[in-house]
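# An overview of the molecular structure
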Amino acid sequence: MAAHTATNSPATAAGDGGVAGILLAAGRGSRFDPTGARYKLLQALPNGEAVVAASARALLAALPRVVAVVRPDDTATASLLRGLGCEVVACANADSGMAASLACGVQHAQEANGWLIALADMPYVQPSTMATLSGAIGQGAGIAAPLHLGQRGNPVAFGRVHLAALLALEGDQGARSILKNNPVNELTVNDPGILQDIDKPSDIQ
């Protein structure tokens, strides 16, 4: 089980019993700027909003509870996300891979009926897509993933049946092993944002 420290946990969000949003914001974004001088998630989009803020706002618009996972040393991102209304979790072993961050977030919200796993560097996903995925979990789907023009993208939602597997994840492959070994309810959406991540400076434009 991944170690984590909860830095914000509003009482009003506890025990809502629905699907919780998990925003993975603990990566270092080294491909965006190998020198580390510019942190990808805090770069401004054309509308002036930080990448991570736009991703969080979309998730918050779709779900009443959002848990954002950050690195322990990333106080700037933690402060920004907390101000937007996210519960913020500092994942002690975030540098070991995306799976550690994912497990930290799920552990923090393990009483939920499901989890919508969103990536902080994908700010263009529409809230309606997230709501659709969450709704599929609420209706009994074990896993729900979006399709646009026949291509599967992110975010992906998991039902409570996968709690143990999510908490046991390790490495840098996220939840790919769970997706590979279980049925996935693929939902077609008119949302190119599910395929658009911010990986290099030109992606912001």
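Heads up: these notes are all about the structure in this document.

### Quick look at the overall build of the chain
The secondary structure content of the chain amounts to seven helices and nine strands. Looking at the chain as a whole, 52% of its 205 residues are labelled buried. Summed over all atoms, the accessible surface of the chain reaches about 9,100 Å², with 50% contributed by carbon and sulfur.

### Quick look at the environment of L149
Tracing the backbone through its elements, the reader meets L149 in the loop between β6 (143-148) and β7 (151-152). Considering only alpha carbons, one finds L149 and N190, 41 residues apart in sequence, at a separation of 8.1 Å.

### Digging into unusual backbone geometry
Here the bond from N154 into P155 is cis, since omega is 10°, no more than 30 degrees from zero. If you trace the backbone, P155 turns up in the loop between β7 and β8 (156-159). Even without a glycine there, the phi angle at L149 is positive, about 55°. Taking the relative accessible area as the measure of exposure, L149 reaches 79% and is therefore exposed.

### A word on the environment of D95
Within the secondary structure, D95 sits in the loop between β4 (87-91) and α3 (98-108). Under the relative-accessibility criterion, D95 is labelled exposed at 55%. Along the chain, D95 and R28 lie 67 residues apart, while their C-alpha atoms are 8.2 Å from each other.

### Focus on the nonpolar core
Formed by 67 residues in total, the largest nonpolar core has its most connected members in L23, L81, W115, F158 and L166. Top contributing element to this core by residue count: helix α1 (residues 51-62), with six residues. Among all residues touching F158, those that are not within four sequence positions of it are G114, W115, I117, I137, G142, I143, L166, A175, I178 and L179.

### Focus: the packing of aromatic side chains
Tallying each qualifying case throughout the model produces zero aromatic pairs. Directly above the aromatic system of Y39 lies the positively charged group of R71, at a separation of 5.3 Å from the ring centroid.

### Quick look at the packing of α1 against helix α2 (residues 75-84)
For the pair α1 and α2, the least separation of the axes is 10 Å and the interaxial angle reads 30°. Considered as vectors, α1 and α2 are oriented roughly parallel to each other. Every pair of crossing elements has a handedness; the one defined by α1 and α2 is right-handed. Along the contact surface, α1 presents V52, A53, A56, R57 and L60, while α2 presents T77, L80, L81 and L84. Residue classes in the contact of α1 with α2 are distributed as seven nonpolar, one polar and one charged.

### Focus on α3
The periodicity of an α-helix, 3.6 residues per turn, causes residues three or four positions apart to be oriented the same way. Most of α3 is tucked away, with 10 of its 11 residues classed as buried. Here α3 has its buried residues at A99, A100, S101, L102, A103, C104, G105, V106, Q107 and H108.

### A short note on the pattern of salt bridges
According to the stated counting rule, one finds six salt bridges in the structure shown. Among the salt bridges present, the one from K40 reaches D121, with a minimum N-O distance of 3.0 Å. With K40 in the loop between β2 (19-24) and α1 and D121 in the loop between β5 (114-119) and α4 (127-138), this residue pair connects regions lying 81 residues apart in the sequence. Where R152 meets E186, a salt bridge forms, and the shortest distance between an N and an O atom there is 2.7 Å. With R152 in strand β7 and E186 in strand β9 (residues 185-188), this pair connects stretches of sequence that are 34 residues apart.

### Concerning α1
Along its 12 residues, α1 runs 18 Å from first to last C-alpha, staying within 8% of the 16 Å computed at 1.5 Å per residue. Along α1, the positions that sit buried rather than exposed are V51, V52, A53, A54, S55, A56, A58 and L59. For α1, the secondary structure elements touched by its buried residues are β2, β3 (66-70), α2, β5, α4 and α7 (201-204).

Procedures and definitions
- Residues numbered from 1 in each chain as written.
- Predicted model: local features only at pLDDT ≥ 70, side-chain atom pairs only at ≥ 80, totals over all residues.
- Heavy atoms only, no water.
- Helix = DSSP H or I, 4+ residues; strand = E, 2+ residues; numbered from the N terminus.
- Buried < 20%, exposed > 50% of the residue type's maximum accessible area, 1.4 Å probe, protein only.
- Areas by Shrake-Rupley, 256 points an atom, 1.4 Å probe, with all protein chains shown as cover.
- Core = buried A, V, L, I, M, F, W, Y, C linked by side-chain atoms within 4.5 Å.
- Contact = heavy atoms within 4.5 Å.
- Phe/Tyr/Trp six-rings, centres within 6.5 Å; stacked < 30°, edge-to-face > 60°.
- Lys NZ or Arg CZ within 6 Å of the ring centre and 35° of its normal.
- Axes fitted to C-alpha atoms, helices over the stretch in contact; angles between N-to-C directions.
- Parallel < 35°, antiparallel > 145°, perpendicular 65-115°, else oblique.
- Left-handed = near helix turned anticlockwise from the far one by under 90°.
- Nonpolar A, V, L, I, M, F, W, Y, C, P; charged D, E, K, R; others polar.
- Salt bridge = Lys/Arg side-chain N within 4 Å of Asp/Glu carboxyl O.
- Expected span 1.5 Å × (residues − 1).

Honestly, that's just the spatial picture; any functional story needs more than this.
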